[in-house]
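Inside the fold
Residue strings, one per chain:
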Amino acid sequence: MTHPLLEGLNPEQLAAVTLPPRSALILAGAGSGKTRVLTSRIAWLLSTGQVGQPGILAVTFTNKAAKEMLTRIGALMPINPRGLWVGTFHGLCNRMLRLHHRDAGLPEAFQIMDSQDQLSAIKRLLKSLNLDDDKFPPREVGHYINGNKEEGRRPAEVEAWDEHSRQLRAIYEEYDRQCRREGVVDFAELLLRCYELLRDHGPLREHYQGRFRHVLVDEFQDTNRLQYRWLKLLAGGGAAVFAVGDDDQSIYAFRGANVGNMYDFQRDFAVDTVIRLEQNYRSHGNILDAANALIGRNRSRLGKNLWTAEAAGEPIRVFDAASDFEEAHFLVEEVRQLERDGLPLGDIAVLYRSNAQSRVLEHALFTAGIAYRVYGGLRFFERQEIKHALAYLRLITNSDDDNALLRVINFPTRGIGNRTLETLQETARVTGTSVWQAACSGGAGRSAASVARFVQLIEAMRATAANLSLPDIIRLVVEQSGLLQHYQSEKDGQERLDNLDQLAIAALTFVSENDDDATAFLAHASLEAGDHQANPGQAALQLMTVHAAKGLEFHTVFITGLEEGLFPHDNSLNDPANLEEERRLMYVAITRARRRLYLSLAQSRMLHGQTRFSLASRFLDELPQDLLRWLNRGYPAVGAVPHSSPSQVTPASRRAPPAESGLRIGQTVEHAKFGVGVVVDYEGQGANPNVQVNFGAVGIKWLALQYAKLKLLD
Ligand SMILES: Nc1ncnc2c1ncn2[C@@H]1O[C@H](COP(=O)(O)OP(=O)(O)OP(=O)(O)O)[C@@H](O)[C@H]1O
Ligand SMILES: [Mg+2]
């Protein structure tokens, strides 16, 4: 009898899940069940007693994926979610560094800087070094620092060959010093520090090597050099590494991810088992055919086949809009229609290549009253009011955090001017202390009294906070810092106050699931991928970049902005390697869809303050044209009064409706809500056919025949 955990797996999946404990690579295309196999393997290893919960370490791509994995394992067997090491590289490194902060040379309450914090820390540093922003653009300095860290290089190991690169190296060195002084780490540092911790502390390394017998890694194609070296150290005691990945979905080369790790892995871990999964369980045939045809144009591939037992399904719908506003309008109309057809909003995703595209879409959705949630955009914890409140919380836990101090020392305004702040920073620099310590030692010129009051305020909050639970500390901070009063008096402050309430609720949830510990909560806030965006449980349309959609799946997917220069991105147009990465990105986007896929483009678009006019993306040409249905090429825009007769609107490729429905193209019908219209197209077979009806001024709609209850009028 098969074990219930193994039911429904195909033979290759089964082989992968039940492999003997040695390292293996599962190399397979999108939707072939890699993540499912990885999750099942954990459950299998645990339930057959091959390893206990402490012996497992699993790396996922996002916090959301980690949570889902724990839920899925939890559904299969009782687990202690805190006992299992399942998380992102950053999350796991954070966990290890908290446990061994002393060995890692970090203060107990070390704080994590997100990319915004890092950028302001760099700006501050450049200013204190009197360096010109033009010569050293802060963003580029950030890339330089992160790039080096991701290659495992400390300043001393960085090569410099001319004046400029020597200066950059010096900035990196100074930046490191500043971070150490303030007790903060950036994202790249989390990894590098954890790697060094294991590398330099033999007994600790041996402890973890002995403990983690099974290391499982999802989305292995996107690990960077340093992550790979970290894995190698951790698994160095003979752990079985189970890596699953898809070279066709490698989309982080620009951040140092390295498909070469797949080859190195096979060599370094003497991998003799490579399992390929070829059946796709996610998408209907047309979607998969489109994805396969597209990725087939890339040259550098390991190569694999993907097939599905599912039906061909619907054609891929393409909408060619005159402007980004029309594109957004189209989106709103379609989403409303899908909702009316009974599709939950949460099962629809809207994808875009770059974050800047979301503004127009969000505006249209907001105006239309459609609930939506943005992943990976401005995340909840990155909003101004939230960052302010957290900065106070940071100061209470670690007053040497200069970023936090400078953010709120004069917010709400306390009459502490720039001149004073500069003096304080200068004192701190000269004496090698934090700005907080400079502030405590007084002597800050004209605003000395205000600075002293600020110091007292923080001290007083710290004293009170010592006896409070985390959610209460947050309420205390919001009230006593003056943020509450400030936003109450601000015209548009209500939304910010609501968000601050949400912060207390987020803290409450955090405490119930984890520890009542401010430092842990702050780390969570820095690493969190914005799960608090909309009210949990509330159904919402999912908006995200294609990068953020990796590993996810939705019934319906809209890929927007299919224009040359946007997707594929400008900076890939003259570089074949980058163009291949863009194509992989498009492959990822297409393969998120289970049943229905929309592609849209806008001939003109406002981006970064400029109107740009673009040609259709080459990716549209690269898809098999017989799989596409152009919804409006040469036809009136959605919502406009149709000038054309139904036969003109009907694409040549239509099929005839089944006779039993009594419908035919050109048939006049009546719908309870939309009124009278003419059937212009038809698609789908079996139980759920759809008809397209032109309702004149109301627009052209696709309706599920089953639900539409159309009355035949002629
Ligand atoms: N043997 C199976 N029978 C039925 N459904 C399956 C089977 N294997 C996987 N699935 C389903 O197929 C879908 C895709 O699986 P999964 O997300 O694990 O694929 P993946 O290879 O990780 O995809 P991606 O490359 O996008 O990360 C999921 O809904 C999963 O539940
Ligand atoms: Mg997956």
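Criteria and thresholds
- Residues numbered from 1 in each chain as written.
- Chains lettered and ligands numbered in written order.
- Predicted model: local features only at pLDDT ≥ 70, side-chain atom pairs only at ≥ 80, totals over all residues.
- Heavy atoms only, no water.
- Helix = DSSP H or I, 4+ residues; strand = E, 2+ residues; numbered from the N terminus.
- Rg over C-alpha atoms; globule rule 2.2 N^0.38 Å.
- Buried < 20%, exposed > 50% of the residue type's maximum accessible area, 1.4 Å probe, protein only.
- Contact = heavy atoms within 4.5 Å.
- Areas by Shrake-Rupley, 256 points an atom, 1.4 Å probe, with all protein chains shown as cover.
- Lys, Arg positive; Asp, Glu negative; His and termini not counted.
- Charge placed at Lys NZ, Arg CZ, Asp CG, Glu CD.
- Phe/Tyr/Trp six-rings, centres within 6.5 Å; stacked < 30°, edge-to-face > 60°.
- Pairing = 2+ DSSP bridges.
- Axes fitted to C-alpha atoms, helices over the stretch in contact; angles between N-to-C directions.
- Parallel < 35°, antiparallel > 145°, perpendicular 65-115°, else oblique.
- Left-handed = near helix turned anticlockwise from the far one by under 90°.
- Near = heavy atom within 4 Å.
- Polar contact = N/O pair within 3.5 Å; in protein donor to acceptor, adjacent residues only side chain to side chain.
- Nonpolar A, V, L, I, M, F, W, Y, C, P; charged D, E, K, R; others polar.
- UniProt positions renumbered as here; feature names shortened; annotations may be inferred.
- Patch = residues over 30% accessible without salt bridge, like charges linked within 9 Å, V, L, I, M, F, W, Y side chains within 5 Å.
- Salt bridge = Lys/Arg side-chain N within 4 Å of Asp/Glu carboxyl O.

A few words on the overall build of the chain. Along the chain, the regular secondary structure elements total 27 helices and 21 strands. For 714 residues, the compact-globule formula gives about 27 Å, and the C-alpha radius of gyration of the chain, at 28 Å, lands near that figure. Expressed as lengths along the three principal axes of its C-alpha atoms, the size of the chain is roughly 90 × 65 × 55 Å. Across the 714 residues in the chain, those meeting the buried criterion constitute 56%. Look at the contacts in the chain between residues 6 or more apart in sequence, and 76% of them connect residues 24 or more apart. Of the accessible surface of the chain, which amounts to about 30,200 Å², a share of 50% is contributed by carbon and sulfur atoms. With 79 positive and 86 negative side-chain charges, the chain shows a spacing of 1 Å between the two charge centroids.

With that settled, the discussion passes to the packing of aromatic side chains. Within the structure shown, the criterion is met by 14 aromatic pairs. Where Phe89 meets Trp230, the ring centres are 5.8 Å apart and the plane angle is 75°; that geometry is what we call edge-to-face. A residue pair is termed long-range when its members are at least 10 positions apart, and Phe89 in helix H4 (residues 89-99) and Trp230 in helix H10 (residues 225-234) qualify at 141 residues. Taking the relative accessible area as the measure of exposure, Phe89 reaches 9% and is therefore buried. With 5.2 Å between their ring centres and 55° between their planes, Phe220 and Phe265 make a pair best called tilted. Of the two residues, Phe220 sits in the loop between strand S6 (214-217) and H10 while Phe265 sits in helix H11 (residues 260-268), which places them 45 residues apart along the sequence.

The next thing to look at is the pairing of strand S12 (residues 541-545). Within S12, five of the five residues are buried, leaving the element largely enclosed by the surrounding structure. Every second residue of S12 is oriented toward a common face, with Leu541, Leu543 and Thr545 on one face and Gln542 and Met544 on the other, all of them buried. Where strand S10 (residues 348-352) meets S12, four bridges bridge the pair, whose relative direction is parallel. Within the sheet, the bridge partner assigned to Leu351 lies in S12 and is Met544. Of the strand pairs in this sheet, strand S11 (residues 372-375) and S12 are connected by four bridges, and their pairing is parallel. The partner of Arg373 across the bridge, within S12, is Gln542.

Interaxial distance between helix H6 (residues 138-150) and helix H8 (residues 187-200) falls to 9 Å at its minimum, and their mutual angle equals 25°. Relative to H8, the element H6 is oriented roughly parallel. Considering the relative orientation of H6 and H8, their crossing is left-handed. Counted together, Asn146, Lys149 and Glu150 of H6 and Ala188, Glu189 and Leu192 of H8 form the full contact between these two elements.

In this section: the site of ligand 1. As a structural note, the neighbourhood of ligand 1 is formed by 18 residues, with Gly8, Lys34, Gln249, Glu553 and Arg592 the closest of them. Contact distances for ligand 1 include 2.8 Å between a nitrogen atom and a side-chain N or O atom of Gln13. Side-chain polar atom of Arg592 to an oxygen atom of ligand 1: 2.8 Å apart, as the coordinates give it. The fraction of the free accessible surface of ligand 1 (630 Å²) that becomes covered by protein chains is 84%. Sorting elements by how many residues they give to the shell around ligand 1 places helix H2 (residues 34-47) first, with three residues.

For the rest of this paragraph, the subject is the sheet that holds strand S7 (residues 240-245). The strands that make up a sheet pair up through hydrogen bonds in the backbone, lying either parallel or antiparallel. As summarised here, the arrangement of the six strands in space is S3-S2-S6-S7-S1-S8, forming an open sheet in which the pairing is parallel. The two strands at the open ends of the sheet, each matched to only one other strand, are strand S3 (85-87) and strand S8 (273-277). Neighbour-to-neighbour, the strand axes of this sheet turn through a mean angle of 10°, independent of strand direction. Taken together, the four bridges between strand S2 (residues 56-59) and S6 define a ladder with parallel strand orientation. Counted as the bridge partner of Val59 is Val217 from S6. H4 rests against S2, S3 and S6 of the sheet, and its axis sits at about 135° to S3.

The next subject is the packing of H10 against H11. Following both chains from N to C, one finds H10 and H11 inclined at 15°, their axes separated by 11 Å at the closest point. Accordingly, the angle class assigned to the pair H10 and H11 is roughly parallel. With respect to the hand of their crossing, H10 and H11 are arranged in right-handed fashion. Residues Arg225, Tyr228 and Lys232 of H10 form the contact with H11, whose participating residues are Asn261, Asp264, Phe265 and Asp268. Among the residues making up the contact of H10 with H11, the classes are represented as two nonpolar, one polar and four charged.

What follows deals with the UniProt feature "binding site: ATP" (unreviewed entry) in the chain. Feature annotation in UniProt assigns "binding site: ATP" (unreviewed entry) to the following positions: Ala28, Gly29, Ala30, Gly31, Ser32, Gly33, Lys34 and Thr35. Of note, Gly29 is situated in the loop between strand S1 (24-28) and H2. By relative accessible area, which is 1% here, Gly29 ends up buried. Dropping the residues within four chain positions of it, Gly29 is found in contact with Lys34, Asp246, Gln249, Leu277, Lys304, Leu306 and Tyr587. Structurally, Ala30 is set in the loop between S1 and H2. Residue contacts for Ala30: discarding those within four places in its chain leaves Asp246, Gln249, Asn280, Arg282, Leu306, Tyr587, Thr591 and Arg592.

Next up on the list: the side chain of Lys550. With respect to the helices, strands and loops of the structure, Lys550 is situated in the loop between S12 and strand S13 (554-559). By relative accessible area, which is 4% here, Lys550 ends up buried. At 3.5 Å, the side chain of Lys550 and the side chain of Glu219 are in polar contact. Filtering out sequence-adjacent residues up to four positions away, Lys550 remains in contact with Phe61, Glu219, Gln221, Asp222, Gln249, Ile251, Tyr252, Val588 and Arg592.

So, on to the pairing of S7. Most of S7 sits inside the fold, with six of its six residues counted as buried. Here S7 shows two buried faces, one formed by Ala240, Phe242 and Val244 and the other by Val241, Ala243 and Gly245. Of the pairings in the sheet, the one linking S1 to S7 comprises four bridges and is parallel in character. Its bridge partner lying in S7, Ile26 is registered against Val244. Pairing between S6 and S7: four bridges, direction parallel. From the neighbouring strand, Leu216 faces S7, where its bridge partner is Phe242.

The next subject is a negative patch on the surface. Taken together, the side chains of Asp492, Glu495, Asp498 and Asp501 present a region of like negative charge at the surface. Note on placement: Asp492 falls in the loop between helix H21 (483-489) and helix H22 (493-513). Accessibility expressed as a relative area gives 59% for Asp492, which makes it exposed.

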